[in-house]
Amino acid sequence: MSGISFPDLSPLERYKLLCGVVVPRPIALVTTLDENGAVNAAPFSFFNVFSEDPPLIVLGLQHKADRDLKDTTRNIHRDGEFVVHMVDEALAKAMNDCAVDFPAGSSEAAAVGLATLPSVDVRVPRLAAAPFALECRRQVVLSFAPGRESLVGEVLRLHAREGLIDTAKMYIDLAAYRPIGRMFGNLYTYQRDTFAMDRESHAQWSARMDAGK
Ligand SMILES: Cc1cc2nc3c(=O)[nH]c(=O)nc-3n(C[C@H](O)[C@H](O)[C@H](O)COP(=O)(O)O)c2cc1C
């Protein structure tokens, strides 16, 4: 037998394989507003950027075991607005605390002591401590199964902590940013150890091969 057939696996087995294999994944700490104005905050690592034109991100929103919606999902369904915060080393513990299953209606941001600032294009406040905050509007919700949905959001605006972006070149200072990534289970990774590789044209590649390098 060759390979592992996914239809033959349980959802938990698929989860463990996919989350262990596709690593590291970035973490979106997402704020939304509940119907009473409480600032909900929760982390999502089924998350990535999909496109820059239009600027799109995607979130994988799993429903609860009883198929009830998570607060983040319910709030985005209602308002269509949210803010994605990137997570750095300093924000890691508060991010993890935001995943505690606080009762609906409570503000994780307030409970874990995260101060908020007003956003510009959306009503949902952003977290002052985040290195980057992306104000987003729901574009489309894709429902593949009763237990989950994929939410595509358009990025309307980026807020950055002072000193993280060289706006003349649109370069990010990675050493100052210090993002973390999610491995699997309760494992996380630093992103401090990087290396560079230039992408060559075919002509450059051929010349290098001819030179025997
Ligand atoms: C690092 C991390 C990543 C997570 N990623 C996801 C995810 O991609 N999708 C999801 O549905 N839940 C994810 N969770 C779980 C939610 O954060 C958790 O269910 C949270 O309580 C939801 O809060 P809410 O009900 O306020 O939206 C993750 C938790 C952690 C700690």
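About the thresholds
Residues numbered from 1 in each chain as written. Predicted model: local features only at pLDDT ≥ 70, side-chain atom pairs only at ≥ 80, totals over all residues. Helix = DSSP H or I, 4+ residues; strand = E, 2+ residues; numbered from the N terminus. Buried ≥ 20, exposed ≤ 12 C-beta atoms within 10 Å, placed from the backbone. Contact = placed C-beta atoms within 7 Å. Near = placed C-beta within 6 Å. Nonpolar A, V, L, I, M, F, W, Y, C, P; charged D, E, K, R; others polar. Core = buried A, V, L, I, M, F, W, Y, C linked by C-beta atoms within 7 Å. Pairing = 2+ DSSP bridges. Axes fitted to C-alpha atoms, helices over the stretch in contact; angles between N-to-C directions.

A. Structural view of the overall build of the chain. When helices and strands are counted, the chain shows six helices and 13 strands. If you line up the chain on its principal axes, its C-alpha atoms span 70 × 55 × 30 Å. Relative to its 213 residues, the chain shows a buried fraction of 26%. Relative to all contacts within the chain whose residues are 6 or more apart in sequence, the contacts with residues 24 or more apart total 59%.

B. Here's a closer look at the site of the ligand. If you check the shell around the ligand, you find 17 residues, and the closest are A42, F46, Q62, D71 and T72. At the level of secondary structure, the elements contributing two or more residues to the shell around the ligand comprise β2 (39–44), β4 (55–62) and α2 (71–79). Counting residues per element, the shell around the ligand draws most heavily on β2, which supplies four residues. Among the residues forming the shell around the ligand, the class breakdown is seven nonpolar, six polar and four charged.

C. Up close: the nonpolar core. Ranked by internal contacts, the top residues of the largest apolar core, which has 35 residues, are A28, L29, V30, A41, L59, V83 and V84. Contributions of two or more residues to this core are made by β1 (28–33), β2, β4, β5 (81–86), α3 (92–97) and β8 (132–145). Residues within four places of V84 in sequence aside, it is in contact with A28, V30, I57, L134 and C136.

D. Spotlight on the sheet that holds β2. Taken together, seven strands build an open sheet; the order of strands is β2-β1-β5-β8-β9-β4-β3 and the sheet is antiparallel. Lying at the two open borders of the sheet, with one neighbouring strand each, are β2 and β3 (47–52). Neighbour-to-neighbour, the strand axes of the sheet open up by a mean angle of 35°, direction not taken into account. Each of β1, β2, β4, β5, β8 and β9 (148–160) touches α2; the most contacted strand, β1, lies at about 55° to it.

E. Molecular detail of α2. For α2, the complete set of buried residues consists of D71, T72, T73, N75 and I76. Taken together, the buried residues of α2 touch β1, β2, β4, β5, β8 and β9.

F. Spotlight on the environment of G105. Tracing the backbone shows G105 in the loop between α3 and α4 (108–111). With 66 residues separating them in the primary sequence, G105 and V39 have C-alpha atoms 8.9 Å apart. With residues near it in sequence (within four places) discarded, G105 still touches D34, N36 and A38.

G. Helix α6 (residues 202–210), seen in detail. A small share of α6 lies buried, amounting to zero of its nine residues. Backbone geometry just downstream of α6 places G212 in the positive-phi region, at approximately 75°.

H. Examining the pairing of β5 more closely. With six of six residues buried, β5 lies mostly within the body of the structure. Of the two faces of β5, the one lined by E81, V83 and H85 and the one lined by F82, V84 and M86 are each fully buried. Inspection of the sheet shows β1 paired to β5 by four bridges, in the antiparallel sense. Within the sheet, the bridge partner assigned to A28 lies in β5 and is M86.

I. Molecular detail of the environment of A92. Secondary-structure assignment places A92 in helix α3. In the structure, A92 is positioned 89 residues away from G181 in sequence and 9.7 Å away in space, judged by C-alpha atoms. When neighbours within four sequence positions are excluded, A92 is seen to be in contact with V87, I180 and Y188.

J. A look at the pairing of β1. Within β1, six of the six residues are buried, which leaves it mostly tucked inside the rest of the structure. Residues of β1 alternate between two faces, with A28, V30 and T32 on one and L29, T31 and L33 on the opposite face, all of them buried. The pairing of β1 with β2 spans six bridges and is classified as antiparallel. Bridge pairing in β2 places T31 opposite A41. Where β1 folds back onto β2 in an antiparallel hairpin, the turn is made up of five residues, including G37, whose phi is positive at roughly 90°.

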